[in-house]
Amino acid sequence: MRRNKKSGINKERIIMLASSAFVLAALTMTGVYMKGQNVESRDDGYTLDFTALPNNADDKLQEITENSDEHLLKEDENIPGLTANNTAGNEIAGTPVTEDDLDYMPQEVGSGNVEIPGLTDQETLLEAAQKEQQNSDADRQKEERKQTAGGDVVVEKTLHFAESDGLQQPVQSDILMHYSMDKSTYFATLDQYKYNPATIFSAEEGTAVTACAQGKVTSIFENEEIGKAVTLDLGDGYEATYGQLTEITVKENSYVNPGDTIGSVAAPTKYYSTEGSNVYFALTHNGEPVNGEALFR
């Protein structure tokens, strides 16, 4: 009876030991499997198993410390490359990273390639418009700046003239011969009647001759009939021509204002020897004669 009981106890112990060994083996196999899964998950280079961190905290701390020491050691030894944790497949390069190693182009602060939705487009358009305006103004100023025959730099002006603006007389004196294009008038020196496209003022030699309006000197010339002469562009197709001049004080492409002196009265040409010294003044619009007398103020 006692032997049978003792034998039963031994069997129970054997069964308990066998069960414990089986359970321990099962847990061991499960742990090995889970660790293999963690390693595989870590080896893919993209997935981190955070559940394994608490269980492996000490191992990771030791691994990080060893890798850090190894990295510092290799830097001190000026080794160009550094590979750590090869088992996990994570490679750290010690050489500088270049643009060829990147899958994007690095951008600097203020770079025009950096676009901010809703903001960059407006700023770019505004800057482009401002730059275009600056270039346009620069081109216009460059075109407006020209050199006179004497080398002086002048700035082009936009001229406008209307008959309602009126004109100043070139000299303050009597009219010797009136404008006459609707009928002929008598020329004493020539002893003949002909049309007169100008107003001829009687004036003593040396008298100052002034500009009738704001204008640009477009021509300084001389011919047998009116002697030395100056032509002013008044704007909008109007031109004024002064003849019988001497000591001309203006230059071609220069500008004058109303009342500015442009020259002096000269001795009369042979075409006006009988009439005496005078100032020849003719006004045209698009090349056609205009009665300037009606515009004198």
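The structure this text deals with has already been given above.
Draft legend 1. Looking closely at the overall build of the protein chain. Broken down by element type, the protein chain carries three helices and 14 strands. Going through the 297 residues of the protein chain one by one, you find that 25% of them count as buried. Contacts in the protein chain between residues at least 24 apart in sequence constitute 58% of all its contacts with a sequence separation of at least 6. Within the structure as shown, the protein chain displays about 20700 Å² of accessible surface, and the carbon and sulfur contribution to it stands at 52%.

Draft legend 2. Quick look at the pairing of strand 6 (residues 199–202). By the bridge criterion, two bridges tie strand 3 (residues 175–177) to strand 6 in an arrangement that is antiparallel. When the sheet's bridge partners are listed, M177 is paired in strand 6 with I200. Note that strand 6 and strand 13 (residues 278–285) share four bridges and pair antiparallel. Note that in strand 13 the partner of I200 across the bridge is Y280.

Draft legend 3. Layout of the packing of aromatic side chains. Tallied over the full model, the rule gives six aromatic pairs. Arranged with centres 5.6 Å apart and planes meeting at 50 degrees, the rings of F281 and F296 form a pair that is tilted. Highlighted residues: F281 in strand 13 and F296 in the segment after strand 14 (288–290), separated in sequence by 15 residues. One exposure class covers both F281 and F296, and it is buried. Clustering of aromatic rings is evident, with ring pairs tying together F201, Y242, F281 and F296.

Draft legend 4. Structural context of the nonpolar core. In terms of nonpolar packing, the biggest core is built from 27 residues, with L167, L234, Y242 and F281 touching the most fellow members. Broken down by secondary-structure element, the contributors of at least two residues to this core are strand 9 (227–235), strand 10 (238–246), strand 12 (261–265) and strand 13. No other element matches the four residues that strand 10 contributes to this core. Residue contacts for F281: discarding those within four places in its chain leaves L167, P170, A198, T199, F201, C212, A240, T241, Y242 and F296. By size, the runner-up hydrophobic cluster in this structure holds nine residues, among which are F187, I226, A229 and Y272.

Basis of the calculations
- Residues numbered from 1 in each chain as written.
- Predicted model: local features only at pLDDT ≥ 70, side-chain atom pairs only at ≥ 80, totals over all residues.
- Heavy atoms only, no water.
- Helix = DSSP H or I, 4+ residues; strand = E, 2+ residues; numbered from the N terminus.
- Buried < 20%, exposed > 50% of the residue type's maximum accessible area, 1.4 Å probe, protein only.
- Contact = heavy atoms within 4.5 Å.
- Areas by Shrake-Rupley, 256 points an atom, 1.4 Å probe, with all protein chains shown as cover.
- Pairing = 2+ DSSP bridges.
- Phe/Tyr/Trp six-rings, centres within 6.5 Å; stacked < 30°, edge-to-face > 60°.
- Core = buried A, V, L, I, M, F, W, Y, C linked by side-chain atoms within 4.5 Å.

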